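Spelled out from the first residue to the last, the chains are:
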Amino acid sequence: MNELRTVFDITVGSNGIGDDAWFRMAIGIGAAIAGMVWLVRVWRMQAGWRQMFNAASLIGFGAIWLIVTLPLWNVATSDTDRLLLIQLSGQSEVTEGAVHVTHMQPLHGHAAGDKIIVGDRQFEINYFMVTPGYRQTIAHGGALREGVYARLHHYDGVIIKVEVRSDAASH
């Protein structure tokens, strides 16, 4: 009955941000390649400047899209890998105790995330933040509710593993 059950553990595909980053990168790469193919065809057909401008614009859109997507790509790859290695090496901090909720994020957002206290540490869990760490708020079915006994593995404010007492996991 006092056993802890893992309800979240950071992985390479945590929170779907890896898939989202791949999808967004594919859009940028696809647009840039399509623009280059179009430009080559326009060049060979010796079409007008307007066709060349359109092709160059598509290449520019693809390049800008890739630049804007790079921060998400960084979170999905480098940040996730770094946090995963921190957890595997045992360098993460561990905080354990009953959860006390001081603020709940509404279902639609537009407010600060869930603010909880576990042991002597305060955490903020924001469903709308792009992070490989734990982000399931209470409104979105999160396990960290008032009174639940939890053990959190965290590093630099990011929760990388959540364990809750088995009898409390069913709430």
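Refer to the preceding data block for the structure.
These notes cover the structure that comes with them.

Rules used throughout
For every chain, the first residue of its written sequence is number 1, and the numbers climb from 1 along that sequence. The predicted nature of this model means local features are confined to residues of pLDDT at least 70 and side-chain atom pairs, given and counted, to a pLDDT of 80 or more, with totals for whole chains, interfaces and linings taken over all residues. Hydrogens and water are ignored here; the side-chain numbers use all heavy atoms of the structure. Strands are runs of DSSP state E lasting at least 2 residues, helices are runs of H or I lasting at least 4, and numbering of each runs from the N terminus. Restricting the calculation to C-alpha atoms gives the radius of gyration, and the globule rule supplies 2.2 Å times the number of residues raised to the power 0.38. Relative accessibility decides the category of a residue: with a 1.4 Å probe and only protein chains considered, values under 20% of the type maximum give buried, values over 50% give exposed, and everything between is partly exposed. Take the buried residues of types Ala, Val, Leu, Ile, Met, Phe, Trp, Tyr and Cys, join any two whose side-chain atoms come within 4.5 Å, and each joined set is a nonpolar core. Contacts are assigned to residue pairs with any non-hydrogen atoms lying within 4.5 Å of each other. Here the expected length of a helix is defined as 1.5 Å per residue gap, with one fewer gap than residues. Any Lys or Arg side-chain nitrogen located within 4 Å of an Asp or Glu carboxyl oxygen qualifies as a salt bridge. One fitted axis covers the seven residues ending at a residue, a second covers the seven starting there, and the bend at that residue is the angle between these axes.

**Some details on the overall build of the chain**
Working step 1: Along the chain, the regular secondary structure elements total two helices and six strands.
Working step 2: In sequence order, the chain lays out its α and β elements as β-α-α-β-β-β-β-β.
Working step 3: Against the 2.2 N^0.38 benchmark of 16 Å for 171 residues, the chain shows a C-alpha radius of gyration of 22 Å, more extended than a compact globule.
Working step 4: In terms of its C-alpha atoms, the chain occupies a principal-axis envelope of roughly 75 × 35 × 25 Å.
Working step 5: A burial count over the chain gives 34% of its 171 residues as buried.

**Looking at the nonpolar core**
Working step 1: Judged by nonpolar contacts, the single largest core of 20 residues is most densely connected at V99, I116, Y134, L144, L152, I159 and V162.
Working step 2: Contributions of two or more residues to this core are made by helix 2 (49-89), strand 2 (93-103), strand 3 (114-118), strand 4 (121-125), strand 5 (149-155) and strand 6 (158-165).
Working step 3: Broken down by element, this core gets its largest block of residues, four residues, from strand 6.
Working step 4: Apart from the residues within four sequence positions on either side, I159 is in contact with F8, F123, I125, G133, Y134, L144, L152, H153 and H154.

**Here we look at helix 1 (residues 17-45)**
Working step 1: Taking 1.5 Å as the rise per residue, helix 1 with 29 residues should run 42 Å; its terminal C-alpha atoms sit 42 Å apart, in good agreement.
Working step 2: Inspection of helix 1 places I17, G18, A21, M25, G28, A31, A32, G35 and V42 among the buried residues, and these make up the whole buried set.
Working step 3: Each element contacted by the buried residues of helix 1 is listed here: helix 2.
Working step 4: One or two residues past the end of helix 1 sits Q46, with phi positive at roughly 50 degrees.

**Points about the pattern of salt bridges**
Working step 1: Going through the model one piece at a time under the given rule, you end up with four salt bridges.
Working step 2: With its nearest N and O atoms 3.1 Å apart, the salt bridge here joins R24 to D20. Taken together, the positions of R24 and D20, both in helix 1 and four residues apart, correspond to about one turn of that helix.
Working step 3: With relative accessibility at 34%, the residue R24 sits in the partly exposed group.
Working step 4: A salt bridge links R151 to E96; the nearest nitrogen and oxygen atoms lie 3.0 Å apart. Of the two residues, R151 sits in strand 5 while E96 sits in strand 2, which places them 55 residues apart along the sequence.
Working step 5: Taking relative accessible area as the criterion, R151 reaches 24% and is therefore assigned partly exposed.
Working step 6: The partly exposed category is assigned to E96, whose relative accessible area is 35%.

**Points about helix 2**
Working step 1: Over its 41 residues, helix 2 extends 58 Å from the first C-alpha to the last, a length consistent with the 60 Å expected when each residue adds 1.5 Å.
Working step 2: The largest bend in helix 2 amounts to roughly 40 degrees and is located at L70, with the proline P71 lying one to four residues further along.
Working step 3: For helix 2, the complete set of buried residues consists of A55, G62, T69, L72, V75, A76, T80, L83, L84, I86 and Q87.
Working step 4: Considering only its buried residues, helix 2 is in contact with strand 1 (4-9), helix 1, strand 5 and strand 6.

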